[in-house]
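# Working through the structure, step by step
Chain by chain, the residues:
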Amino acid sequence: MPRSAECGADPAPTRRGLIIFLNGTSSSGKSSIAKELLRILDEPYFHMPVDAFHAMRTRREVSPHRLPEVLRRTWMGFHRAVAGMAVAGNNVVVDHVLSEEWRLLDCLRLFSARDVVLVGVRCSLEELARREQARGDRPVGLAAHQFQRVHAHGLYDVECDTTTAGALDCARRISAFLPQRPVPTAFEQLRTKLHPTPVTEPATG
């Protein structure tokens, strides 16, 4: 047993984890890119898709008037789980849909902006519609509804277009970008532009 565990110590992480933040509509290929990233990146990463958090929720039907509140709490919990993993020093690939402004603002408050690589995952409307029909597990028109809203903030560190590029090609593009991340990052610029107040972390020690 490690000495720290024997003594009941709480070892502090030596660094924050990097967050590769994939943002795009439903069916744009984010999950496929995330899987390829985990396969090709040298450092250990965790793939944290929001769909996994929705899947954890009880299958009991929620009344229509309560559903928006339940969904919002799910998203907020997801954001805080990602932040917690990164604060503990874990690298994370986030699979997200920023189709509502509050989601971006919440992430800007929670995440260390210097440690986020914001990736725009784009795809044509025609291809999104084809994928929706082929997969059969998404409401028809969901991606089209999200299309204009999900990229409304208009700023990324790196972008991919899965209309023609495969998941592996996109993952390689992101991987090649990581060593040359710019400063300020897209998250830093968005925080300055939108003025969200960062969440104060509890003191340690």
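Put simply, Val 183 and Pro 184 share a cis peptide bond, and its omega is 5°. Summarising the element assignment, Pro 184 is placed in the loop between α8 (167–177) and α9 (186–194). If you check the backbone angles, Ser 27 has positive phi at about 70° while not being a glycine. The topology assignment puts Ser 27 in the loop between β1 (19–23) and α2 (30–40). Classification of Ser 27 as buried rests on a relative accessible area of 9%. Of note, His 195 is a non-glycine position whose phi angle comes to about 60°, a positive value. Structurally, His 195 can be placed in the segment after α9. For His 195, a relative accessible area of 62% translates into the label exposed.

Moving on, we come to empty space enclosed by the protein. Per the stated rule, a full pass over the model turns up one cavity of 30 Å³ or more. The space that makes up the largest cavity amounts to roughly 50 Å³. Counting residues per element, the lining of the largest cavity draws most heavily on helix α4 (residues 67–87), which supplies three residues. Split by residue class, the lining of the largest cavity holds six nonpolar, two polar and two charged.

The rules behind the values
- Residues numbered from 1 in each chain as written.
- Predicted model: local features only at pLDDT ≥ 70, side-chain atom pairs only at ≥ 80, totals over all residues.
- Heavy atoms only, no water.
- Helix = DSSP H or I, 4+ residues; strand = E, 2+ residues; numbered from the N terminus.
- Buried < 20%, exposed > 50% of the residue type's maximum accessible area, 1.4 Å probe, protein only.
- 1 Å grid on protein atoms, 1.4 Å probe; cavity = no way out; pocket = protein on both sides within 12 Å on 5 of 7 lines; lining within 4 Å.
- Points joined across faces, edges and corners; volume = space filled by probe spheres on them.
- Nonpolar A, V, L, I, M, F, W, Y, C, P; charged D, E, K, R; others polar.

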